[in-house]
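Below are the chains, spelled out letter by letter.
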Amino acid sequence: PVVSAPGWVTTVLSPWTKNKGTVKLTVTKNSSSFPKSGTVTIGGTPFPVTQAGTACAIKKFVPASQSVGKMGGSSSFAVEAAPQDCAWTTAVSAAALPWLHITSGTGTGNGTVEYGVDENLGKMGRNGTITVVLTQNSKKKAFTVRQANK
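Residues numbered from 1 in each chain as written. Predicted model: local features only at pLDDT ≥ 70, side-chain atom pairs only at ≥ 80, totals over all residues. Heavy atoms only, no water.

A. Looking closely at the overall build of the protein. For the protein, the helix and strand inventory stands at zero helices and 14 strands. Starting at the N terminus, the α and β elements of the protein follow one another as β-β-β-β-β-β-β-β-β-β-β-β-β-β. The C-alpha atoms of the protein give 25 Å as radius of gyration, which overshoots the globular expectation for 150 residues (15 Å, by more than 25%). Counting only C-alpha atoms and orienting by the principal axes, one finds that the protein spans roughly 85 × 20 × 15 Å. For the protein, the proportion of its 150 residues judged to be buried stands at 30%. Counted over contacts in the protein with a minimum sequence separation of 6, partners at least 24 positions apart contribute 53%. Surface accessibility of the protein: about 8,800 Å² in total, with carbon and sulfur atoms responsible for 56%. Of the charged side chains in the protein, 15 are positive and 5 negative; the average position of the first set lies 18 Å away from that of the second. (Helix = DSSP H or I, 4+ residues; strand = E, 2+ residues; numbered from the N terminus. Rg over C-alpha atoms; globule rule 2.2 N^0.38 Å. Buried < 20%, exposed > 50% of the residue type's maximum accessible area, 1.4 Å probe, protein only. Contact = heavy atoms within 4.5 Å. Areas by Shrake-Rupley, 256 points an atom, 1.4 Å probe, with all protein chains shown as cover. Lys, Arg positive; Asp, Glu negative; His and termini not counted. Charge placed at Lys NZ, Arg CZ, Asp CG, Glu CD.)

So, in structure tokens, the structure goes:
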């Protein structure tokens, strides 16, 4: 029989006798977060084929956390997310909103979050978090910013 398939599906036919045989399908890995779909046609009969996308994940932050001096300032951290088409955004924890500010906080795949920290006029150190949220599946990972008071 005549067999057609999308480029990400390969087919192998066994010997056919009396209109009977086997078609083996091999599907390449989907390196995207989005599903694929297509049609394999065997002898004029269409068979839908779908493949799930790879789940989005935040692999790590570089550095893993950050300490900032009493005077504050600007800093950044790298986000490693996979697959590369996974979009993400950021949010600051409510407790840190008055003093921790995101200046650049969206991306796709690997990227950088830039943030500013106000001067600490208090008598104690303080901690805040910047949460990176994947838009495809809402998975989250928190980056901690620690600020000294001395």
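There's plenty left to go through after this.
B. Up close: the environment of Val-40. Along the chain, Val-40 turns up in strand E4 (residues 36-42). Residues Val-40 and Lys-70 lie 30 residues apart in sequence; the distance between their C-alpha atoms is 63 Å. Each residue touching Val-40, except ones within four places of it in the same chain, is listed here: Val-3, Ser-4, Ala-5, Pro-6, Val-9, Leu-25, Thr-45, Pro-46, Phe-47 and Val-49.

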